[in-house]
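If you want the building blocks of each chain, they are given just below.
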Amino acid sequence: MPVTAIVVLCDVLVCALLLLASIGLIGTEPTTRAEETAAWQSAGQLYFGWLGVGATAFAVFGMPKALLAHVSTMLLSPIALFVLLLLLSSGVG
């Protein structure tokens, strides 16, 4: 159980940091369409790399609960974080 909680916490933090970096709140803000595209592509590569390496590691080490937590968190947290960001930017939250 503690490993699963740590996995979920780390995954949420990674997804939040990648989202913030891709829109320019962390690091340099993209000013052109090419920089914006490059930021999103870099964030996407890091996201899928984290997802793939984590899933592979948990499968190899025989940690099914951590594997399920990792995959579900990595698939659901970007959606939740994006909705939260939209709510905050619109002034609803």
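Think of each chain on its own: its residues are numbered from 1, step by step along the sequence as written. For a predicted model such as this one, the threshold for reporting local features is a pLDDT of at least 70, and the threshold for listing and counting side-chain atom pairs is 80 or more; totals across whole chains, interfaces and linings nevertheless cover every residue. By convention in this description, side-chain values take in all heavy atoms of the structure and omit both hydrogens and water.

Undergrad: Tell me about the confidence of the model for the protein, residues and numbers included.
TA: What pLDDT reports is the predictor's confidence in each residue, on a scale of 0 through 100. In this model, the protein carries a mean pLDDT of 89, and residues with pLDDT of at least 70 account for 97%. What counts as a helix is a DSSP run of H or I of at least four residues, what counts as a strand is a run of E of at least two, and both are numbered from the N terminus. No element of the protein has a lower mean pLDDT than helix H3 (residues 64-90), which averages 89, and none a higher one than helix H2 (residues 33-60), which averages 93.

Undergrad: Which residues make up the environment of Val 12, and what are the values?
TA: By the secondary structure assignment, Val 12 is in helix H1 (residues 2-23). Summary of the burial criterion: residues with accessible area below 20% of their type's maximum are buried, those above 50% are exposed, and those between are partly exposed, where the area comes from a 1.4 Å probe applied to protein chains only. The partly exposed category is assigned to Val 12, whose relative accessible area is 31%. In this structure the C-alpha to C-alpha distance between Val 12 and His 70, which are 58 residues apart in sequence, comes to 9.6 Å. Among all residues touching Val 12, those that are not within four sequence positions of it are Thr 73, Ser 77 and Leu 81. Two residues form a contact once any of their heavy atoms are found within 4.5 Å.

Undergrad: Please give an account of the side chain of Ser 22 that cites residues and values.
TA: By the secondary structure assignment, Ser 22 is in helix H1. The exposure class of Ser 22 is buried, given its relative accessible area of 2%. N or O atoms closer than or at 3.5 Å make up a polar contact, with two conditions inside protein: a donor-capable atom paired with an acceptor-capable one, and, for residues adjacent in sequence, both atoms drawn from side chains. Separated by 2.8 Å, the side chain of Ser 22 and the backbone oxygen of Leu 19 make a polar contact.

Undergrad: Report on the packing of H1 against H2, specifying residues and quantitative values.
TA: For the pair H1 and H2, interaxial distance at closest approach is 8 Å and the crossing angle is 165 degrees. Between H1 and H2, the angle is such that the two are roughly antiparallel. Both H1 and H2 take part in a crossing whose hand is right-handed. On H2, the residues touching Val 7, Asp 11, Val 14, Cys 15, Leu 18, Leu 19, Ala 21, Ser 22 and Ile 23 of H1 are Ala 39, Trp 40, Ala 43, Leu 46, Tyr 47, Trp 50 and Phe 58. Interaxial angles span 0 to 180 degrees and are taken between N-to-C directions of axes, which are lines fitted to C-alpha atoms, for helices over the stretch in contact. To sort the angles, those under 35 degrees are grouped as roughly parallel, those over 145 as roughly antiparallel, those from 65 to 115 as roughly perpendicular, and the leftovers as oblique. Working rule for handedness: look at the near helix, and if it is turned counterclockwise from the far one by less than a right angle, call the crossing left-handed; if clockwise, right-handed.

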